[in-house]
Amino acid sequence: MNYEIVNLEEKQVVGLVKETTNNNNKAVEDIKILWEEFFIKGHYEKIKNRKDNKTIGLYTDYQVDFSQPYNFLCCCEVNKIDSIEDPLVSKTIPSGKYAKFIINGDVQNLVGEFWMKLWQMDLDRKYSCDFEEYQNNTEDMQNQEIHIYISIN
């Protein structure tokens, strides 16, 4: 898979969080439910000071690596954090060096396939914050552009 090395500035995000694990495909189900809750229960609309209309799937607070529990957030980048309504939380994506991948296609299949391939790569991962940034540049869920950033050393 092709990628470029980029240096990102710190980002502030607000969203819903859930601890999960990749064992027994638990993360697949947990993440699907969290995204549904994020949109169906109106949490996306409750986020104040959104920087843009992009959504972010954030993998963070790794206990060790992708084989151990971690937190997943459905979130949006914000310009500033004023007040946050429960159950929303805030998190900082640290500045630093990331491997940036760009994928295009069906959201549901493409993202899972990406992670399966990534886990096989010899990438010097930092396991601080990794995230999918959904560009939301089309209504067609089978033709989405997604930027995926993997924190590296």
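In this report, we go over the structure that sits alongside the text. (Residues numbered from 1 in each chain as written. Predicted model: local features only at pLDDT ≥ 70, side-chain atom pairs only at ≥ 80, totals over all residues. Heavy atoms only, no water.)

Examining the pattern of salt bridges
As enumerated under the stated definition, the model contains 7 salt bridges in all. Among the salt bridges present, the one from aspartate 30 reaches lysine 26, with a minimum N-O distance of 2.8 Å. Here the residue aspartate 30 and the residue lysine 26 both occupy positions in helix 1 (residues 26-40), the gap between them amounting to 4 residues, near one helical turn. Look at lysine 26 and you get partly exposed, because its relative accessible area is 38%. A salt bridge links glutamate 36 to lysine 32; the nearest nitrogen and oxygen atoms lie 3.6 Å apart. Placement of both glutamate 36 and lysine 32 in helix 1 is noted, with a separation of 4 residues, approximately one turn of the helix. Its relative accessible area of 36% is what places glutamate 36 among the partly exposed residues. For lysine 32, a relative accessible area of 43% corresponds to the partly exposed category. (Salt bridge = Lys/Arg side-chain N within 4 Å of Asp/Glu carboxyl O. Helix = DSSP H or I, 4+ residues; strand = E, 2+ residues; numbered from the N terminus. Buried < 20%, exposed > 50% of the residue type's maximum accessible area, 1.4 Å probe, protein only.)

Considerations on the sheet that holds strand 7 (residues 125-134)
With antiparallel pairing, 8 strands are arranged side by side in an open sheet as 1-6-8-7-3-4-2-5. A single partner strand is all that each edge strand has here, and the edge strands are strand 1 (4-8) and strand 5 (89-93). The average undirected angle you get between the axes of adjacent strands in this sheet is 35 degrees. Here 5 bridges tie strand 1 to strand 6 (residues 96-105), and the two strands are oriented antiparallel to one another. Paired with glutamate 4 across the strands is lysine 100, a residue of strand 6. Sheet strands touched by helix 1: strand 2 (11-20), strand 3 (55-60), strand 4 (70-78) and strand 7. Its angle to strand 2, the strand with the most contacts, is close to 130 degrees. (Pairing = 2+ DSSP bridges. Axes fitted to C-alpha atoms, helices over the stretch in contact; angles between N-to-C directions. Contact = heavy atoms within 4.5 Å.)

Comments concerning unusual backbone geometry
Of note, the amide linkage connecting aspartate 86 to proline 87 takes the cis form, showing an omega dihedral of 15 degrees. In this structure, proline 87 sits in the loop between strand 4 and strand 5. You will see that asparagine 25, though not glycine, has its phi angle at about 60 degrees, which is positive. As for its position among the elements, asparagine 25 is in the loop between strand 2 and helix 1. In this structure, tyrosine 127 is a non-glycine residue whose phi angle is positive, near 60 degrees. Mapping tyrosine 127 onto the fold places it in strand 7.

Thoughts on the pairing of strand 4
Of all 9 residues making up strand 4, 9 are buried, and the element is well covered by its neighbours. Taking every second residue as pointing to the same face, both faces of strand 4 are buried, with Tyr70, Phe72, Cys74, Cys76 and Val78 on one and Asn71, Leu73, Cys75 and Glu77 on the other. Here strand 2 runs beside strand 4; their pairing, made up of 9 bridges, is antiparallel. Each bridged residue has a counterpart across the sheet, and for valine 13 the counterpart in strand 4 is glutamate 77. The pairing of strand 3 with strand 4 spans 5 bridges and is antiparallel. Bridge pairing in strand 4 links threonine 60 to asparagine 71.

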